[in-house]
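# Residue-level structural notes
For reference, the chains in residue letters:
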Amino acid sequence: MTANKKSSGTKLLILRIIVLAAILTPVAVSVLGWARERKVQQRHDHQVDSVMQTLSIREKVAQLFMIEVSRFPSERTKAYQDSLIKEFGIGGIILMRGPIGQFIERKNELQSASAIPLLVSTDAEWGAAMRFQEYRPYPRQALLGRIEKGEKLLYRMGRNVGAELRDLGIHMNLAPVADICPDPYNESDGQRSFGGDRELVATYACAYMKGMQDEGVFSCAKHYPGHGDTYVDSHYALPVLPFDRHRLDSLEFYPFKRLIDEGIESIMVAHLSIPAIDSTGVPMSISSKCMVDLLRGEQGFKGLIMTDAVGMKGVAEGRSAVEVNTLVYKAGSDLILMPDDVKESICAIADSVETGVWSEEELNAKVRRVLELKARAGLFDRDYNPIVDNLDEKISRAARRDSTLQVEISKAMARSRKPPITPIGQDGTLVLDRAGK
(Lines give C-alpha, C1' and ligand atoms only; values in the text may rest on other atoms or scores of the structure.)
Protein backbone atom coordinates (compact mmCIF):
# COMPACT_ATOMS: atom_id res chain seq x y z
CA MET A 1 0.00 0.00 0.00
CA THR A 2 2.80 2.42 0.94
CA ALA A 3 4.63 1.74 -2.34
CA ASN A 4 1.43 2.25 -4.29
CA LYS A 5 0.78 5.54 -2.50
CA LYS A 6 4.32 6.73 -3.24
CA SER A 7 3.88 5.72 -6.88
CA SER A 8 0.57 7.57 -7.10
CA GLY A 9 2.08 10.62 -5.41
CA THR A 10 5.01 10.61 -7.84
CA LYS A 11 2.68 10.36 -10.83
CA LEU A 12 0.55 13.19 -9.49
CA LEU A 13 3.65 15.34 -8.97
CA ILE A 14 4.83 14.61 -12.51
CA LEU A 15 1.37 15.44 -13.86
CA ARG A 16 1.36 18.73 -11.96
CA ILE A 17 4.82 19.58 -13.32
CA ILE A 18 3.65 18.81 -16.86
CA VAL A 19 0.54 20.97 -16.44
CA LEU A 20 2.59 23.78 -14.90
CA ALA A 21 5.14 23.56 -17.73
CA ALA A 22 2.34 23.67 -20.30
CA ILE A 23 1.03 26.84 -18.66
CA LEU A 24 4.40 28.53 -18.17
CA THR A 25 6.12 27.59 -21.46
CA PRO A 26 4.06 29.93 -23.66
CA VAL A 27 4.61 32.69 -21.09
CA ALA A 28 8.36 32.04 -21.08
CA VAL A 29 8.46 31.95 -24.87
CA SER A 30 6.52 35.19 -25.00
CA VAL A 31 8.83 36.87 -22.49
CA LEU A 32 11.93 35.66 -24.35
CA GLY A 33 10.45 36.84 -27.64
CA TRP A 34 9.69 40.24 -26.16
CA ALA A 35 13.23 40.46 -24.78
CA ARG A 36 14.72 39.61 -28.17
CA GLU A 37 12.51 42.15 -29.93
CA ARG A 38 13.44 44.75 -27.34
CA LYS A 39 17.14 44.08 -27.86
CA VAL A 40 16.76 44.33 -31.64
CA GLN A 41 14.80 47.58 -31.31
CA GLN A 42 17.47 49.04 -29.05
CA ARG A 43 20.12 48.17 -31.65
CA HIS A 44 18.08 49.81 -34.38
CA ASP A 45 17.49 52.92 -32.24
CA HIS A 46 21.23 53.18 -31.63
CA GLN A 47 21.96 52.83 -35.35
CA VAL A 48 19.41 55.49 -36.25
CA ASP A 49 20.69 57.85 -33.54
CA SER A 50 24.26 57.40 -34.80
CA VAL A 51 23.29 58.32 -38.37
CA MET A 52 21.08 61.24 -37.31
CA GLN A 53 23.98 62.83 -35.42
CA THR A 54 26.03 63.02 -38.61
CA LEU A 55 23.41 64.72 -40.79
CA SER A 56 22.96 68.39 -41.57
CA ILE A 57 19.45 69.72 -42.15
CA ARG A 58 19.95 69.53 -45.91
CA GLU A 59 21.19 65.94 -45.65
CA LYS A 60 18.18 65.04 -43.51
CA VAL A 61 15.83 66.46 -46.14
CA ALA A 62 17.66 64.53 -48.85
CA GLN A 63 16.91 61.25 -47.06
CA LEU A 64 13.22 61.83 -47.86
CA PHE A 65 13.70 61.71 -51.65
CA MET A 66 13.35 58.49 -53.66
CA ILE A 67 14.37 58.94 -57.29
CA GLU A 68 13.55 56.68 -60.22
CA VAL A 69 16.13 54.55 -61.99
CA SER A 70 14.84 53.82 -65.48
CA ARG A 71 16.11 51.71 -68.36
CA PHE A 72 18.84 52.97 -70.68
CA PRO A 73 19.59 56.23 -68.84
CA SER A 74 21.60 58.82 -70.72
CA GLU A 75 25.06 59.80 -69.50
CA ARG A 76 23.57 63.12 -68.42
CA THR A 77 20.92 61.36 -66.33
CA LYS A 78 23.52 59.10 -64.74
CA ALA A 79 25.71 62.07 -63.87
CA TYR A 80 22.72 63.82 -62.28
CA GLN A 81 21.87 60.71 -60.24
CA ASP A 82 25.50 60.41 -59.14
CA SER A 83 25.50 64.02 -57.96
CA LEU A 84 22.28 63.49 -55.99
CA ILE A 85 23.94 60.55 -54.25
CA LYS A 86 27.37 62.04 -53.62
CA GLU A 87 26.62 65.74 -53.07
CA PHE A 88 23.17 65.60 -51.45
CA GLY A 89 22.84 62.06 -50.05
CA ILE A 90 19.32 61.20 -51.17
CA GLY A 91 17.59 58.39 -49.32
CA GLY A 92 16.38 55.90 -51.90
CA ILE A 93 15.75 54.72 -55.42
CA ILE A 94 12.88 52.99 -57.19
CA LEU A 95 13.69 50.56 -59.99
CA MET A 96 11.34 50.79 -62.95
CA ARG A 97 10.77 48.51 -65.97
CA GLY A 98 13.44 46.89 -68.15
CA PRO A 99 16.28 44.32 -68.26
CA ILE A 100 17.20 43.22 -64.77
CA GLY A 101 20.93 43.00 -65.43
CA GLN A 102 21.11 46.67 -66.35
CA PHE A 103 19.14 47.70 -63.27
CA ILE A 104 21.22 45.64 -60.87
CA GLU A 105 24.46 46.98 -62.33
CA ARG A 106 23.22 50.55 -61.88
CA LYS A 107 21.83 49.83 -58.40
CA ASN A 108 25.19 48.38 -57.36
CA GLU A 109 26.96 51.51 -58.64
CA LEU A 110 24.65 53.85 -56.76
CA GLN A 111 24.80 51.85 -53.54
CA SER A 112 28.59 51.82 -53.69
CA ALA A 113 28.63 55.61 -54.11
CA SER A 114 26.21 56.32 -51.27
CA ALA A 115 27.59 57.15 -47.82
CA ILE A 116 24.27 56.06 -46.27
CA PRO A 117 22.87 52.88 -47.87
CA LEU A 118 19.93 53.53 -50.18
CA LEU A 119 16.45 52.19 -49.51
CA VAL A 120 15.60 50.34 -52.73
CA SER A 121 12.01 49.85 -53.86
CA THR A 122 10.11 48.66 -56.89
CA ASP A 123 6.52 48.25 -58.03
CA ALA A 124 6.00 44.47 -58.16
CA GLU A 125 2.28 43.95 -57.60
CA TRP A 126 2.26 40.65 -59.51
CA GLY A 127 5.89 39.79 -58.84
CA ALA A 128 9.27 40.86 -60.15
CA ALA A 129 7.96 40.24 -63.69
CA MET A 130 5.92 43.44 -63.46
CA ARG A 131 9.25 45.27 -63.77
CA PHE A 132 11.84 42.80 -64.97
CA GLN A 133 11.23 40.78 -68.12
CA GLU A 134 13.38 37.85 -67.04
CA TYR A 135 10.81 36.71 -64.45
CA ARG A 136 7.52 34.87 -64.84
CA PRO A 137 4.43 36.91 -63.88
CA TYR A 138 1.81 35.95 -61.35
CA PRO A 139 -1.80 36.81 -62.25
CA ARG A 140 -2.98 40.32 -61.57
CA GLN A 141 -4.89 40.91 -58.37
CA ALA A 142 -8.33 40.94 -60.02
CA LEU A 143 -7.76 37.37 -61.23
CA LEU A 144 -6.38 36.31 -57.85
CA GLY A 145 -9.51 37.75 -56.26
CA ARG A 146 -11.57 35.09 -58.09
CA ILE A 147 -9.89 32.33 -56.05
CA GLU A 148 -12.11 31.01 -53.27
CA LYS A 149 -10.44 30.63 -49.88
CA GLY A 150 -7.14 31.71 -51.41
CA GLU A 151 -5.53 33.22 -48.31
CA LYS A 152 -2.82 30.53 -48.06
CA LEU A 153 -1.99 30.83 -51.75
CA LEU A 154 -1.68 34.62 -51.44
CA TYR A 155 0.61 34.20 -48.45
CA ARG A 156 2.82 31.80 -50.42
CA MET A 157 2.83 34.17 -53.36
CA GLY A 158 3.96 36.93 -50.99
CA ARG A 159 6.79 34.68 -49.80
CA ASN A 160 7.90 33.94 -53.36
CA VAL A 161 7.72 37.56 -54.50
CA GLY A 162 9.55 38.61 -51.36
CA ALA A 163 12.30 36.09 -52.06
CA GLU A 164 12.62 37.34 -55.66
CA LEU A 165 13.04 40.92 -54.53
CA ARG A 166 15.30 40.14 -51.57
CA ASP A 167 17.67 38.30 -53.90
CA LEU A 168 17.88 41.46 -56.00
CA GLY A 169 18.70 43.72 -53.06
CA ILE A 170 15.25 45.32 -53.11
CA HIS A 171 13.93 46.23 -49.67
CA MET A 172 10.39 47.44 -50.36
CA ASN A 173 7.59 46.38 -52.69
CA LEU A 174 5.00 49.05 -53.46
CA ALA A 175 2.25 46.49 -53.00
CA PRO A 176 -0.35 45.25 -52.23
CA VAL A 177 -3.08 47.30 -53.86
CA ALA A 178 -5.76 47.64 -51.18
CA ASP A 179 -8.29 49.49 -53.33
CA ILE A 180 -11.82 48.16 -53.61
CA CYS A 181 -12.89 48.07 -57.26
CA PRO A 182 -16.02 46.18 -58.33
CA ASP A 183 -15.25 46.52 -62.07
CA PRO A 184 -12.21 44.51 -63.27
CA TYR A 185 -12.33 46.32 -66.61
CA ASN A 186 -11.95 49.74 -65.03
CA GLU A 187 -8.73 50.86 -66.69
CA SER A 188 -7.98 53.25 -63.85
CA ASP A 189 -7.47 50.50 -61.26
CA GLY A 190 -9.59 47.47 -62.15
CA GLN A 191 -7.17 44.59 -62.62
CA ARG A 192 -4.84 45.88 -59.92
CA SER A 193 -7.54 45.37 -57.27
CA PHE A 194 -8.61 42.09 -55.66
CA GLY A 195 -12.23 43.08 -56.31
CA GLY A 196 -15.29 44.70 -54.79
CA ASP A 197 -15.66 42.66 -51.57
CA ARG A 198 -14.07 44.49 -48.66
CA GLU A 199 -13.40 41.36 -46.59
CA LEU A 200 -11.76 39.55 -49.49
CA VAL A 201 -9.63 42.57 -50.43
CA ALA A 202 -8.49 43.05 -46.84
CA THR A 203 -7.82 39.34 -46.23
CA TYR A 204 -5.88 38.78 -49.46
CA ALA A 205 -3.91 42.01 -49.08
CA CYS A 206 -2.93 41.06 -45.52
CA ALA A 207 -1.89 37.55 -46.60
CA TYR A 208 0.26 38.91 -49.43
CA MET A 209 1.82 41.47 -47.08
CA LYS A 210 2.65 38.86 -44.41
CA GLY A 211 4.30 36.61 -46.98
CA MET A 212 6.61 39.40 -48.11
CA GLN A 213 7.33 40.43 -44.53
CA ASP A 214 8.35 36.88 -43.65
CA GLU A 215 10.97 37.10 -46.40
CA GLY A 216 12.28 40.38 -45.01
CA VAL A 217 10.71 42.65 -47.65
CA PHE A 218 8.63 45.66 -46.61
CA SER A 219 5.14 46.29 -47.99
CA CYS A 220 3.48 49.53 -49.04
CA ALA A 221 -0.32 49.48 -49.25
CA LYS A 222 -1.90 51.66 -51.92
CA HIS A 223 -3.68 53.81 -53.02
CA TYR A 224 -4.93 55.36 -49.77
CA PRO A 225 -7.68 56.31 -48.98
CA GLY A 226 -8.94 54.13 -51.88
CA HIS A 227 -8.63 54.66 -55.63
CA GLY A 228 -10.85 51.81 -56.79
CA ASP A 229 -14.26 53.31 -57.47
CA THR A 230 -13.33 55.97 -60.02
CA TYR A 231 -12.85 55.84 -63.76
CA VAL A 232 -10.43 58.79 -63.84
CA ASP A 233 -6.74 57.86 -64.01
CA SER A 234 -4.67 60.09 -61.72
CA HIS A 235 -1.73 59.78 -64.11
CA TYR A 236 -3.69 62.14 -66.37
CA ALA A 237 -6.17 64.06 -64.21
CA LEU A 238 -7.43 64.48 -60.65
CA PRO A 239 -10.20 62.00 -59.74
CA VAL A 240 -12.92 63.15 -57.36
CA LEU A 241 -14.57 60.68 -54.99
CA PRO A 242 -17.97 62.11 -53.95
CA PHE A 243 -18.69 59.59 -51.17
CA ASP A 244 -19.62 60.58 -47.62
CA ARG A 245 -17.65 59.58 -44.51
CA HIS A 246 -19.99 56.73 -43.66
CA ARG A 247 -19.35 55.10 -47.04
CA LEU A 248 -15.58 55.75 -46.82
CA ASP A 249 -15.33 54.39 -43.27
CA SER A 250 -17.28 51.26 -44.06
CA LEU A 251 -15.76 50.46 -47.47
CA GLU A 252 -12.73 52.32 -48.86
CA PHE A 253 -10.89 52.65 -45.53
CA TYR A 254 -11.58 49.10 -44.38
CA PRO A 255 -8.69 47.18 -46.04
CA PHE A 256 -6.21 49.88 -45.03
CA LYS A 257 -7.35 49.76 -41.40
CA ARG A 258 -6.93 45.96 -41.43
CA LEU A 259 -3.44 46.31 -42.89
CA ILE A 260 -2.52 48.90 -40.25
CA ASP A 261 -3.71 46.55 -37.51
CA GLU A 262 -1.65 43.71 -39.05
CA GLY A 263 1.55 45.78 -39.15
CA ILE A 264 1.94 47.28 -42.64
CA GLU A 265 5.20 49.24 -42.80
CA SER A 266 4.22 51.89 -45.34
CA ILE A 267 1.14 53.41 -46.98
CA MET A 268 1.00 55.24 -50.31
CA VAL A 269 -1.42 58.18 -50.52
CA ALA A 270 -3.16 58.73 -53.86
CA HIS A 271 -3.71 61.84 -55.93
CA LEU A 272 -7.47 61.97 -55.29
CA SER A 273 -9.83 64.73 -54.27
CA ILE A 274 -12.26 63.58 -51.57
CA PRO A 275 -14.37 66.50 -50.31
CA ALA A 276 -15.65 64.46 -47.34
CA ILE A 277 -12.05 64.42 -46.04
CA ASP A 278 -10.81 67.81 -47.27
CA SER A 279 -13.44 70.26 -48.48
CA THR A 280 -10.84 72.45 -50.22
CA GLY A 281 -10.72 69.92 -53.07
CA VAL A 282 -6.93 69.49 -53.04
CA PRO A 283 -5.46 66.03 -53.75
CA MET A 284 -5.12 63.80 -50.71
CA SER A 285 -1.37 63.70 -51.43
CA ILE A 286 -1.04 67.36 -50.42
CA SER A 287 -3.72 67.33 -47.72
CA SER A 288 -2.67 67.35 -44.07
CA LYS A 289 -6.29 66.57 -43.20
CA CYS A 290 -5.80 63.24 -44.96
CA MET A 291 -2.27 62.32 -43.89
CA VAL A 292 -1.98 63.92 -40.44
CA ASP A 293 -5.53 64.19 -39.12
CA LEU A 294 -7.00 61.02 -40.63
CA LEU A 295 -4.23 58.51 -41.32
CA ARG A 296 -1.98 59.32 -38.38
CA GLY A 297 -4.60 60.73 -36.01
CA GLU A 298 -7.88 58.85 -36.35
CA GLN A 299 -6.45 55.61 -37.76
CA GLY A 300 -3.26 55.56 -35.69
CA PHE A 301 -0.77 54.72 -38.42
CA LYS A 302 2.80 55.05 -37.13
CA GLY A 303 4.69 53.79 -40.16
CA LEU A 304 6.10 55.51 -43.21
CA ILE A 305 3.86 57.58 -45.48
CA MET A 306 4.68 58.21 -49.11
CA THR A 307 2.58 59.57 -51.94
CA ASP A 308 2.10 58.21 -55.41
CA ALA A 309 4.64 59.45 -57.97
CA VAL A 310 4.66 63.23 -57.70
CA GLY A 311 5.00 63.77 -61.45
CA MET A 312 1.49 62.47 -62.10
CA LYS A 313 -0.95 65.09 -63.40
CA GLY A 314 -3.41 64.40 -60.58
CA VAL A 315 -1.14 66.53 -58.39
CA ALA A 316 1.35 68.13 -60.80
CA GLU A 317 -1.10 69.84 -63.16
CA GLY A 318 -0.64 73.60 -62.81
CA ARG A 319 2.13 73.30 -60.22
CA SER A 320 5.91 73.40 -60.55
CA ALA A 321 7.91 70.38 -59.42
CA VAL A 322 9.40 72.30 -56.49
CA GLU A 323 5.92 73.43 -55.41
CA VAL A 324 4.58 69.87 -55.55
CA ASN A 325 7.53 68.46 -53.59
CA THR A 326 7.27 71.08 -50.87
CA LEU A 327 3.48 70.69 -50.62
CA VAL A 328 3.81 66.92 -50.30
CA TYR A 329 6.39 67.36 -47.55
CA LYS A 330 4.32 69.97 -45.70
CA ALA A 331 1.16 67.84 -45.84
CA GLY A 332 2.78 64.95 -43.97
CA SER A 333 4.51 62.62 -46.43
CA ASP A 334 7.78 61.02 -45.30
CA LEU A 335 9.04 59.87 -48.72
CA ILE A 336 8.74 61.91 -51.91
CA LEU A 337 8.46 59.42 -54.75
CA MET A 338 9.92 59.98 -58.25
CA PRO A 339 10.38 63.77 -57.95
CA ASP A 340 11.76 66.23 -60.51
CA ASP A 341 13.93 69.24 -59.63
CA VAL A 342 15.32 67.33 -56.68
CA LYS A 343 18.23 69.63 -55.78
CA GLU A 344 16.06 72.75 -55.86
CA SER A 345 13.39 71.03 -53.77
CA ILE A 346 15.85 69.80 -51.13
CA CYS A 347 17.24 73.32 -50.79
CA ALA A 348 13.76 74.87 -50.59
CA ILE A 349 12.61 72.52 -47.81
CA ALA A 350 15.91 72.84 -45.93
CA ASP A 351 15.69 76.64 -46.10
CA SER A 352 12.17 76.57 -44.64
CA VAL A 353 13.38 74.41 -41.76
CA GLU A 354 16.51 76.45 -41.10
CA THR A 355 14.53 79.71 -41.01
CA GLY A 356 11.92 78.26 -38.66
CA VAL A 357 9.05 78.23 -41.14
CA TRP A 358 8.79 74.48 -40.66
CA SER A 359 9.73 72.50 -37.57
CA GLU A 360 13.07 70.69 -37.34
CA GLU A 361 11.39 68.32 -34.87
CA GLU A 362 8.91 67.31 -37.58
CA LEU A 363 11.76 66.84 -40.07
CA ASN A 364 13.60 64.63 -37.58
CA ALA A 365 10.51 62.46 -37.11
CA LYS A 366 10.21 61.93 -40.87
CA VAL A 367 13.89 61.09 -41.26
CA ARG A 368 13.80 58.67 -38.35
CA ARG A 369 10.98 56.74 -39.99
CA VAL A 370 13.05 56.36 -43.15
CA LEU A 371 16.20 55.39 -41.24
CA GLU A 372 14.23 52.98 -39.05
CA LEU A 373 13.22 51.02 -42.16
CA LYS A 374 16.84 50.99 -43.29
CA ALA A 375 17.91 49.68 -39.89
CA ARG A 376 15.24 46.97 -39.95
CA ALA A 377 16.42 45.96 -43.43
CA GLY A 378 19.91 45.47 -42.00
CA LEU A 379 21.44 48.32 -43.99
CA PHE A 380 23.43 49.57 -41.00
CA ASP A 381 24.70 46.15 -39.88
CA ARG A 382 28.44 45.60 -40.16
CA ASP A 383 28.04 42.62 -42.47
CA TYR A 384 25.60 44.35 -44.84
CA ASN A 385 26.64 43.92 -48.46
CA PRO A 386 24.59 45.94 -50.97
CA ILE A 387 26.20 44.38 -54.03
CA VAL A 388 24.07 41.81 -55.86
CA ASP A 389 25.84 39.12 -57.88
CA ASN A 390 25.14 35.61 -59.26
CA LEU A 391 22.10 37.04 -61.03
CA ASP A 392 21.53 34.10 -63.41
CA GLU A 393 21.45 31.67 -60.50
CA LYS A 394 18.91 33.80 -58.64
CA ILE A 395 16.65 34.11 -61.69
CA SER A 396 16.77 30.33 -62.21
CA ARG A 397 15.96 29.69 -58.55
CA ALA A 398 13.01 32.05 -58.75
CA ALA A 399 11.71 30.31 -61.89
CA ARG A 400 11.78 26.90 -60.18
CA ARG A 401 10.12 28.25 -57.05
CA ASP A 402 7.48 30.30 -58.86
CA SER A 403 6.46 27.69 -61.45
CA THR A 404 5.13 25.24 -58.85
CA LEU A 405 2.98 27.83 -57.10
CA GLN A 406 1.80 29.37 -60.36
CA VAL A 407 0.41 26.00 -61.44
CA GLU A 408 -1.47 25.70 -58.13
CA ILE A 409 -2.85 29.22 -58.52
CA SER A 410 -3.98 28.48 -62.09
CA LYS A 411 -5.81 25.37 -60.90
CA ALA A 412 -7.46 27.30 -58.08
CA MET A 413 -8.60 29.99 -60.52
CA ALA A 414 -9.99 27.30 -62.87
CA ARG A 415 -12.05 25.82 -60.01
CA SER A 416 -13.59 29.19 -59.17
CA ARG A 417 -17.34 29.54 -59.52
CA LYS A 418 -17.05 33.29 -59.91
CA PRO A 419 -17.53 34.85 -63.36
CA PRO A 420 -14.40 34.65 -65.51
CA ILE A 421 -12.28 37.74 -66.17
CA THR A 422 -10.36 38.32 -69.37
CA PRO A 423 -6.87 39.47 -68.35
CA ILE A 424 -5.55 42.71 -69.78
CA GLY A 425 -2.19 42.13 -71.49
CA GLN A 426 0.84 42.39 -69.22
CA ASP A 427 2.31 45.21 -71.31
CA GLY A 428 -0.98 46.77 -70.55
CA THR A 429 -3.59 49.30 -71.27
CA LEU A 430 -2.94 50.37 -67.69
CA VAL A 431 -0.36 53.09 -67.27
CA LEU A 432 2.13 51.84 -64.71
CA ASP A 433 4.72 54.60 -64.72
CA ARG A 434 6.34 57.20 -66.87
CA ALA A 435 9.32 55.01 -67.72
CA GLY A 436 7.22 51.97 -68.54
CA LYS A 437 4.68 53.42 -70.98
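Let us look at the structure shown here. All values reported here derive from a predicted model rather than from experimental measurement. (Residues numbered from 1 in each chain as written. Predicted model: local features only at pLDDT ≥ 70, side-chain atom pairs only at ≥ 80, totals over all residues. Heavy atoms only, no water.)

Further remarks concern the overall build of the protein. Across its full length, the protein carries 15 helices and eight strands. In terms of C-alpha radius of gyration, the protein reaches 24 Å, essentially the compact-globule figure of 22 Å for 437 residues. With respect to the three principal axes, the spread of C-alpha positions in the protein is 95 × 55 × 50 Å. In the protein, which comprises 437 residues, the proportion classed as buried is 54%. The long-range share in the protein, meaning contacts at least 24 apart out of those at least 6 apart in sequence, stands at 81%. For the protein, the exposed surface amounts to about 19400 Å²; the carbon and sulfur share of it is 54%. Measuring between centres, the 57 positive side-chain charges of the protein sit 8 Å from its 58 negative side-chain charges. (Helix = DSSP H or I, 4+ residues; strand = E, 2+ residues; numbered from the N terminus. Rg over C-alpha atoms; globule rule 2.2 N^0.38 Å. Buried < 20%, exposed > 50% of the residue type's maximum accessible area, 1.4 Å probe, protein only. Contact = heavy atoms within 4.5 Å. Areas by Shrake-Rupley, 256 points an atom, 1.4 Å probe, with all protein chains shown as cover. Lys, Arg positive; Asp, Glu negative; His and termini not counted. Charge placed at Lys NZ, Arg CZ, Asp CG, Glu CD.)

Okay, the packing of aromatic side chains next. Applying the stated criterion to the full structure yields five aromatic pairs. For the ring pair Phe103 and Phe132, a centre distance of 5.7 Å and an interplane angle of 55° mean the geometry is tilted. Highlighted residues: Phe103 in helix 4 (residues 100–113) and Phe132 in the loop between strand 3 (119–122) and helix 5 (141–144), separated in sequence by 29 residues. Of the residues examined, Phe103 reaches a relative accessible area of 1% and is grouped as buried. (Phe/Tyr/Trp six-rings, centres within 6.5 Å; stacked < 30°, edge-to-face > 60°.)

So, on to the sheet that holds strand 4 (residues 172–173). The eight strands lie next to each other as 7-6-5-4-3-2-1-8, forming an open sheet whose pairing is parallel. Looking at strand neighbours, the two that pair on one side only are strand 7 (304–307) and strand 8 (336–337), the edges of this open sheet. Sheet topology places strand 3 next to strand 4; two bridges connect them, and they run parallel. Bridge pairing in strand 4 links Thr122 to Asn173. The sheet strands contacting helix 4 are strand 1 (65–69), strand 2 (92–95) and strand 3, and the helix crosses strand 2 at an angle near 180°. (Pairing = 2+ DSSP bridges. Axes fitted to C-alpha atoms, helices over the stretch in contact; angles between N-to-C directions.)

Moving on, we come to the packing of helix 3 (residues 75–88) against helix 13 (residues 342–354). Running from N to C, helix 3 and helix 13 cross one another at 25°; their axes reach a closest spacing of 11 Å. Taken together, helix 3 and helix 13 sit at an angle that is classed as roughly parallel. Here Tyr80, Ser83, Leu84, Glu87 and Phe88 of helix 3 lie close against helix 13, whose contacting residues are Val342, Lys343, Ile346 and Cys347. Its residues assigned to classes, the contact of helix 3 with helix 13 comprises six nonpolar, one polar and two charged. (Parallel < 35°, antiparallel > 145°, perpendicular 65-115°, else oblique. Nonpolar A, V, L, I, M, F, W, Y, C, P; charged D, E, K, R; others polar.)

Before going further, it helps to spend a moment on the nonpolar core. In terms of nonpolar packing, the biggest core is built from 126 residues, with Phe65, Phe132, Tyr135 and Met306 touching the most fellow members. Ranked by residue count, the leading element in this core is helix 7 (residues 198–213), at nine residues. (Core = buried A, V, L, I, M, F, W, Y, C linked by side-chain atoms within 4.5 Å.)

In the contact formed by helix 6 (residues 151–167) and helix 7, the axes pass within 6 Å of each other and the chain directions differ by 35°. Helix 6 and helix 7 meet at a crossing whose hand is right-handed. Seen from helix 6, the contacting residues are Glu151, Leu154, Tyr155, Met157, Gly158, Arg159, Val161 and Gly162; seen from helix 7, they are Thr203, Tyr204, Ala207, Tyr208, Lys210, Gly211 and Met212. Of the residues in the contact of helix 6 with helix 7, the class split is eight nonpolar, four polar and three charged. (Left-handed = near helix turned anticlockwise from the far one by under 90°.)

Among the residues making up helix 9 (residues 254–261), those that are buried are Tyr254, Pro255, Phe256, Leu259 and Ile260. Tucked inside the fold, the buried residues of helix 9 contact helix 7, strand 5 (218–224), helix 8 (245–252), strand 6 (266–269) and helix 10 (288–298). Two residues or fewer past helix 9, Gly263 is found with a positive phi of approximately 100°.

A separate point is the pattern of salt bridges. Enumeration according to the criterion identifies 25 salt bridges in this entry. Across the pair Arg198 and Glu199 runs a salt bridge whose closest N-O atoms are separated by 3.9 Å. The class of Arg198 is partly exposed, set by a relative accessible area of 29%. Taken together, the shared-partner salt bridges in this structure form one network comprising Arg159, Arg166, Asp167, Glu215, Glu393 and Arg397. (Salt bridge = Lys/Arg side-chain N within 4 Å of Asp/Glu carboxyl O.)

The buried count for strand 1 comes to five of five residues, which makes it a mostly enclosed element. What you see with strand 1 is no split at all: Phe65, Ile67 and Val69 on one side and Met66 and Glu68 on the other are buried throughout. The pairing of strand 1 with strand 8 spans two bridges and is classified as parallel. Of the residues in strand 8, the one forming a bridge with Met66 is Leu337. Relative to strand 2, strand 1 runs parallel, the two being bridged by four bridges. What sits directly across from Val69, in strand 2, is Leu95. Since strand 1 and strand 2 lie parallel, the crossover through helix 3 that links them has a hand, and here it is right-handed. (Right-handed = clockwise from strand over helix to strand, strands pointing away.)

A few words on the pairing of strand 2. With burial as the criterion, each face of strand 2 is covered, one bearing Gly92 and Ile94 and the other bearing Ile93 and Leu95. Across four bridges, the pairing between strand 2 and strand 3 is parallel. In the sheet register, Leu95 faces strand 3, and the bridge partner there is Thr122. This β-α-β element, strand 2 to helix 4 to strand 3, shows right-handed connectivity.

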